[in-house]
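Structural characterization, general
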Amino acid sequence: MTTGADARVLGIESSCDETAAAVVRGGRAVLSSVVRSQVAEHAPWRGVVPEIAGRGHLEAIVPVVEEALSAARTSPRDLAAVAVTTQPGLVGSLLVGATTAKALAWAWSKPLVAVHHIEAHVYAALMSLPEWHFPYVTLVVSGGHTSLYRTESPLRHALLCSTRDDAAGEALDKAAALLGLPYPGGPSIEKAGTGGDPGAHPFKLPLLAPDSLDFSFSGLKTALLYHLKGPGLSRPEAPLPAGQALADLCASYEAAVVETLARKCLRACLQLDIPRLLVGGGVARNQRLRAAVARRAQRDNVQATFAAPEFCTDNAAMIAGLGHARWAAGKLADLAVDVAAR
Amino acid sequence: MAPSLVVKLHTTAAEQTRELGRRLGRRLAAGDWVVLYGPLGAGKTTFAAGVAEGLGIREPVTSPTYLLCHEYAGPVTLLHLDAYFELRMDSVLAEGLAERLQGPVVVLVEWAEKMRAWLPPDRIEVSLAHRAEGRELVLQATGPRSRARLEGLEGVEAFLAP
């Protein structure tokens with residue numbers, strides 16, 4: 001029988017474009033983490049190929065789970081529990097992971113743990129820390145989410161604020177589309193902006209009221225559009241920038257997004273008087289965001305901790321990690337547990 | 001068949017676009033579809049947020065681009081769709097979302113041109129466009145039901161385009 005510290009949990013994730021499985025020991029040691037992404041297949045279509053979302057997961061899930069177990073040299077009987085993302089995400093995609101996890105938990109007679117994907121992104125950042133000192137201010141920033149939380153424990157997160165319109169990742173994705181750069185937009189803009197001057201085109205930062213923690217990125221997208229095509233699209237035929245001009249524009253736009261994120265999360269630390277910050281989610285992989293947050297955190301005497309880059313984007317190690325914490329707390333799921341889009 | 005009704009409006013601030021959404025939202029009932037067209041930044045999500053408020057929904061409305069469909073509970077349930085990732089939307093509609101749209105709900109669609117095959121014949125179409133000073137909104141009814149909604153729309157005189 002396993003004890004908490006060496007209990008192994010199998011995590012399964014299929015909420016969006018990644019099919020992933022991982023084995024984590026004691027909620028900390030990642031014995032394996034397998035991620036199969038459909039993004040490369042989707043990129044030419046700027047989205048997901050018809051039916052590939054659900055069907056792609058269905059084809060990938062069993063080999064991915066087998067690979068995760070074998071890479072971790074773990075047999076099903078070594079597991080303490082099976083954890084799976086049940087929300088939020090695309091329902092058809094979530095169902096593939098959830099159904100697989102239920103079947104495995106039942107067949108192996110192991111407890112099932114249901115994990116909230118956003119809480120798992122927070123856990124991914126906690127996994128970077130050798131010791132935990134709650135509470136933390138937490139920023140989760142991705143394509144679909146931009147939210148600040150007050151994190152009281154791995155299982156307790158009070159929402160402080162969210163975006164009023166678009167998530168930061170969406171602001172980057174849609175800017176990339178306007179600039180003719182490929183999906184996903186965050187990495188495209190980061191790459192195209194390399195060597196660019198972030199001060200070349202000062203975009204107005206959407207900081208809202210001086211004490212507001214809310215985010216709003218939709219105006220930034222329109223500002224970029226009008227910069228490219230004239231106010232009110234008065235120059236619809238204007239050519240897209242290239243070379244240094246493109247690099248400058250990407251660097252400037254990205255700077256506006258990351259500066260806004262950095263200022264808001266440090267503002268939250270100061271307002272709540274919590275000198276510890278966690279940052280997770282796909283956009284947290286962005287090097288300029290990490291640098292901007294680290295710079296402001298140092299100035300304000302805040303300890304900023306980021307999820308490891310490979311655990312920023314969707315993965316199952318964070319699902320297994322949080323799954324361990326939930327299992328240890330006795331928060332198990334029924335085999336009838338449902339998935340939810342939000 | 002009666003000719004379709006077209007109303008051309010002009011707004012100079014996001015709040016006005018939202019207010020027009022609110023006025024339309026107050027007129028809607030379960031079974032109505034409002035479908036939005038227009039490029040990035042034209043104000044679709046702003047208008048949609050107004051429609052939700054007009055329906056009496058209190059929860060703030062955010063962009064459904066990634067999850068494709070956000071559901072809001074209120075006096076009448078609102079399903080807010082976004083077909084920006086059109087192929088992903090197509091697969092999710094085929095996986096069962098299309099059936100849910102037939103229920104007692106108001107359906108609001110952004111990037112409706114990317115899911116044309118799934119739209120009902122009788123719907124309110126709103127085309128948003130960038131203009132030098134603000135936005136142009138063209139509201140159009142495509143059948144008797146949507147026409148009745150638009151004919152009763154109040155307080156839009158101030159926004160009529162010249």
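Within each chain, residues carry numbers counting from 1 in the order of the written sequence. Chains carry letters from A onward and ligands carry numbers from 1 onward, assigned in written order. In keeping with the predicted nature of the model, local features appear solely for residues at pLDDT of at least 70, side-chain atom pairs appear and are counted solely at 80 or more, and the whole-chain, interface and lining totals rest on all residues. In computing side-chain values, all of the structure's heavy atoms are included and hydrogens and water are not.

Digging into the domain arrangement of chain A
Residue and element names in this part refer to chain A. Considered domain by domain, chain A is made up of domain 1 (4–123 + 313–328) and domain 2 (132–306). Delimitation of the domains relies on an automatic or database domain assignment. Once you take the C-alpha centre of each, domain 1 and domain 2 turn out to be 28 Å apart. The partner domain 2 presents 21 residues to the 15 residues of domain 1 that form the contact. Here, a salt bridge means any side-chain nitrogen of Lys or Arg that lies within 4 Å of a carboxyl oxygen of Asp or Glu. Connecting domain 1 to domain 2 are zero salt bridges. N or O atoms within 3.5 Å of each other form a polar contact, as long as, within protein, one can give a hydrogen and the other can take it, and as long as residues adjacent in sequence are counted only when both atoms are side-chain atoms. Applying the counting rule to domain 1 against domain 2 returns one residue pair in polar contact (both at pLDDT 80 or more). The way it works is that DSSP assigns letters per residue, a run of H or I at least four long becomes a helix, a run of E at least two long becomes a strand, and they are numbered from the N terminus. Elements represented by at least two residues in the side of domain 1 that touches domain 2 include exactly helix H4 (117–126) and helix H10 (317–328). Throughout, a contact is declared for two residues whenever any of their heavy atoms are within 4.5 Å.

Overview of the interface of chain B and chain A
Contacts between chain B and chain A engage 26 residues on the former and 36 residues on the latter. Between the two partners, chain B and chain A, sit two salt bridges. The residue A:Asp17 makes a salt bridge to B:Arg88 at a minimum N-O spacing of 3.4 Å. Scanning the region where chain B abuts chain A turns up 10 residue pairs in polar contact (both at pLDDT 80 or more). If you list the elements that add at least two residues to the side of chain B that touches chain A, you get strand E3 (69–72), helix H3 (86–100) and strand E6 (124–131) of chain B. No other element matches H3(B), which puts four residues into the side of chain B that touches chain A.

What to know about the packing of aromatic side chains
Centre distance and the angle of the planes are the two values used to describe a pair of aromatic rings. Only centres within 6.5 Å qualify two rings of Phe, Tyr or Trp (six-membered ring in Trp) as a pair; their planes then separate them into stacked at under 30 degrees, edge-to-face at over 60, and tilted for everything else. Throughout the structure, instances matching the rule amount to nine aromatic pairs over all chains. Pairwise contacts between aromatic rings join A:Tyr183, B:Tyr66, B:Tyr84, B:Phe85 and B:Trp111 into one cluster. Of note, B:Lys44 hangs over the ring of B:Trp111, and the distance from its end group to the ring centre comes to 4.2 Å. Any Lys NZ or Arg CZ that is within 6 Å of a ring centre and within 35 degrees of that ring's normal is treated as a charge sitting over the ring.

So, helix H1 (residues 14–25) of chain B
All names here are of chain B. To estimate the expected span of a helix, count its residues, drop one, and scale the result by 1.5 Å. End to end, H1 covers 16 Å across 12 residues, agreeing with the expected 16 Å (1.5 Å per residue, within 8%). Each residue gets one of three labels from its accessible area relative to the maximum for its type: buried under 20%, exposed over 50%, partly exposed in between, using a 1.4 Å probe on protein chains only. Every buried residue belonging to H1 is among Thr17, Glu19, Leu20, Gly21, Arg22, Leu24 and Gly25, and all of these are buried. Where the residues of H1 are buried, they touch strand E1 (6–11), strand E2 (33–37), helix H2 (44–54), E6, strand E7 (134–141) and helix H4 (144–151).

A closer look at the sheet that holds strand E5 (residues 112–116) of chain A
Pairing between the strands of a sheet comes from backbone hydrogen bonds, and it takes one of two forms, parallel or antiparallel. Residues and elements named next belong to chain A. Judged by pairing direction, the sheet is mixed, and its five strands sit side by side in the order E3-E2-E1-E4-E5 without closing on themselves. Taken across any chain shown, the strands that pair with only one partner, and hence form the sheet edges, are strand E3 (29–37) and E5. Between one strand axis and the next, the sheet turns through 20 degrees on average, direction left out of account. The sheet contact formed by strand E1 (residues 8–13) and strand E2 (residues 18–25) spans six bridges and is antiparallel. Following the sheet pairing, Ile12 is matched in E2 by Ala21. Orientation is described by axes fitted as lines to C-alpha atoms, over the contacting stretch for helices, and by angles from 0 to 180 degrees between their N-to-C directions. Taken strand by strand, helix H3 (residues 91–108) contacts E1, strand E4 (79–87) and E5, and its axis lies near 160 degrees from that of E4. Between any two strands, at least two bridges found by DSSP are needed for them to pair.

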